[in-house]
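# Descriptive analysis of the structure
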Amino acid sequence: MFRSLFVAASLLLSSTIMAAPIDAEFVDLNGKTVKLSDYRGKWVVVNYWATWCPPCVKEIPELVSFHEAHAKKDAVVLGVNHQEDPVAEVRKFAEDRFVNYPIVRGKGKLGSGTPFGTLKGLPTTFMITPEGEVVAARTGLVDQAILEKFINENSKK
């Protein structure tokens, strides 16, 4: 019970950030451009991570489960790999962990800006509304239950 209250209180993704729709461009592991606007109409969970980050690796199964449960209806995960490793190594890492959501490459260093706000550490997750607005951010672990609760509480009925 205490853990649940702590998780709910600590997460809920600190309300943030921008109020106007934004777009961002990334490059996927095949060299194709991916835009945030490609996902308009769905919530987008933008998760910055790296292979060398233990909490990032720990939350991957939760993100996989969330994406599997929501991708065909109301939400997707977009994993932003935030490191300089060769694409082949990142691809193998993702395949070995059965990552089912799109992986794209990020630019910049910790403490630098992203299209969504400052990256203070890894993992960092930004919540983007179906209209393209950044409404929350969290540095630290997320899980499927936290993401679902946030979306349920913040969806327009």
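In what follows, the accompanying structure is described. It should be emphasised that the depicted structure is a prediction, and the values quoted were computed from it without experimental measurement.

Cut-offs and rules
Residues numbered from 1 in each chain as written. Predicted model: local features only at pLDDT ≥ 70, side-chain atom pairs only at ≥ 80, totals over all residues. Heavy atoms only, no water. Helix = DSSP H or I, 4+ residues; strand = E, 2+ residues; numbered from the N terminus. Buried < 20%, exposed > 50% of the residue type's maximum accessible area, 1.4 Å probe, protein only. Contact = heavy atoms within 4.5 Å. Salt bridge = Lys/Arg side-chain N within 4 Å of Asp/Glu carboxyl O. Axes fitted to C-alpha atoms, helices over the stretch in contact; angles between N-to-C directions. Parallel < 35°, antiparallel > 145°, perpendicular 65-115°, else oblique. Nonpolar A, V, L, I, M, F, W, Y, C, P; charged D, E, K, R; others polar. Pairing = 2+ DSSP bridges.

Counting through the fold element by element, Thr-51 comes out in the loop between β4 (43-49) and α2 (54-70). Classification of Thr-51 as partly exposed rests on a relative accessible area of 21%. Excluding residues that lie within four positions of it along the chain, Thr-51 makes contacts with Val-57, Asn-81, Gln-83, Asp-85 and Phe-93.

Our focus in this paragraph is the pattern of salt bridges. Under the criterion given, the structure shown has 3 salt bridges. In this structure, the salt-bridge partner of Glu-25 is Lys-35, at a minimum N-O distance of 4.0 Å. On the criterion of sequence distance, the pair formed by Glu-25 in strand β2 (residues 25-28) and Lys-35 in strand β3 (residues 33-35) is long-range, its members being 10 residues apart. A relative accessible area of 54% places Glu-25 in the exposed class. For Lys-92, the salt bridge goes to Asp-96, with nearest N and O atoms at 3.0 Å. With Lys-92 and Asp-96 both in helix α3 (residues 87-96), this residue pair falls 4 residues apart, about one helical turn. Classification of Lys-92 by relative accessible area gives partly exposed; the value is 48%.

All right, on to the packing of α2 against helix α4 (residues 144-154) then. The contact between α2 and α4 brings their axes to 8 Å, and the two run at 45 degrees. For the element pair α2 / α4, the angle class is oblique. Seen from α2, the contacting residues are Glu-62, Leu-63, Ser-65, Phe-66, Ala-69 and His-70; seen from α4, they are Gln-144, Leu-147, Glu-148 and Ile-151. A per-class count over the contact of α2 with α4 returns 5 nonpolar, 3 polar and 2 charged.

What follows covers the pairing of β4. Here β4 lies mainly inside the structure; 7 of its 7 residues are buried. Taking every second residue as pointing to the same face, both faces of β4 are buried, with Trp-43, Val-45, Asn-47 and Trp-49 on one and Val-44, Val-46 and Tyr-48 on the other. Of the pairings in the sheet, the one linking β4 to strand β5 (residues 75-81) comprises 7 bridges and is parallel in character. Paired with Trp-49 across the two strands is Asn-81, which belongs to β5.

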